[in-house]
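# Survey of secondary and tertiary structure
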Amino acid sequence: MTLNQLRAFLRVAALGTFSAAAAELQMTQPSISELIKRMEEAYGVRLFTRGARRLVLTAAGEQLIPFAQQAVDGADGADRALRSLTSLSGGVATFGLLRNANYYFLSELLETFHSRYPGVQLRIIGLNSVEVAEAVSAGELEAGLVVLPIDAEGLSVTPLMKDEVLFASADPAKTAHPVTIADLAATELVLYDAHYGWKDPTRRQLAERAQLEGVTLTPRIEIEHVESALGIVALGGGDTIVSRAVAESKAFPENVRTVSFAEPLYDTIAIIQRQGNVLSPATREIARLAQRMLLQQR
């Protein structure tokens, strides 16, 4: 059987008449009828019976529906994927960015993409990795960059790079040697991403380590942004954790020092999309640029 036969079969099944299917597929009614007839003759079964006002699927027709739909969807997806390779003159790129993307490459990424493809509309959302993963899973975003671990059911996850997580304090004595989870539990913690709390990927890693060590991590202050947390730390109001990208930025407070964990801790940055989903050309290109820029920072 051919894709044309399967397309004709699906439209007749959905619309109930040869004439309606022919009009939608821009074919003649006899052509649609002939396509169905050849399938029936090839397998020696009837796919439709004639009802009062429309054609009705037989048991054989009902059995064919899911397989026909799968074949047509697969062919259409392949067609879109190949055609999209040459189409970047318009469209919309929907992409999610990980927390603190500004400390990696955000401005350069957007500037580079816009200069190359000025006709493409960008919809770039910078959220915590938790929300990026949820938005990609729900189809609200096509793809995104996240910090692992995330809840990855139904997602394709490609790790790209690691960025070390450091302990940060304005007290030189606290950064004189690598810190342990017990040290972290004993200090006055100032943690950001208050909205996401312990669902945040970096915090999840810390919580798992604390559980294994039999200690509890209780922040003294929770705030939304890393910059605000660092401002409190710089004033001696507590200690925090930061990625190396943040620690090496120009905006990092001069009197705040960092040190590694005794058992090094890393944020693993990955790109995600829904399993089996074909990205639009615009989103695929911004994902490619983001991946390249991250890999250059290794």
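Look up a bit, the structure's there.
Residues numbered from 1 in each chain as written. Predicted model: local features only at pLDDT ≥ 70, side-chain atom pairs only at ≥ 80, totals over all residues. Heavy atoms only, no water.

## Here we look at the overall build of the protein chain
Put simply, the test is: Elements are defined by DSSP. Helices are runs of H or I of four residues or more, strands are runs of E of two residues or more, and each kind is numbered from the N terminus. Each residue's exposure class comes from its accessible area (1.4 Å probe, protein chains only) as a fraction of the maximum for that residue type: buried when under 20%, exposed when over 50%, partly exposed otherwise. By definition, residues are in contact when any of their heavy atoms lie within 4.5 Å. Per-residue accessibility takes into account occlusion by the displayed protein chains alone, with areas from the Shrake-Rupley method and a 1.4 Å probe.
A tally of helices and strands in the protein chain yields eleven helices and eleven strands. Expressed as lengths along the three principal axes of its C-alpha atoms, the size of the protein chain is roughly 85 × 45 × 30 Å. By residue count, 44% of the 298 residues in the protein chain fall in the buried class. Looking at the protein chain alone, contacts between residues at least 24 apart form 75% of all its contacts between residues at least 6 apart. With the model as given, the accessible surface of the protein chain reaches about 15,600 Å², and the carbon-plus-sulfur share is 50%.

## Some thoughts on the packing of aromatic side chains
Condition: Between rings of Phe, Tyr and Trp, where Trp is taken as its six-membered ring, a pair exists when centres lie within 6.5 Å; planes separated by under 30 degrees are stacked, by over 60 edge-to-face, and by other angles tilted. We call a charge positioned above a ring when the Lys NZ or Arg CZ atom is no farther than 6 Å from the ring centre and deviates by at most 35 degrees from the ring normal.
On inspection of all chains with the given rule, the structure shows two aromatic pairs. Ring plane angle 50 degrees and centroid distance 5.6 Å describe the contact between F9 and F48, whose orientation is recorded as tilted. In this pair, F9 is assigned in helix 1 (residues 3–15) and F48 in strand 1 (residues 48–50), connecting sequence segments 39 residues apart. For F48, a relative accessible area of 4% corresponds to the buried category. An angle of 55 degrees between the planes, with centres 5.1 Å apart, marks the rings of F113 and Y117 as tilted. Judged by its relative accessible area of 0%, F113 is buried. The exposure class of Y117 is buried, given its relative accessible area of 17%. Just above the ring of Y266 sits the side chain of K162; from NZ or CZ to the centre is 5.7 Å.

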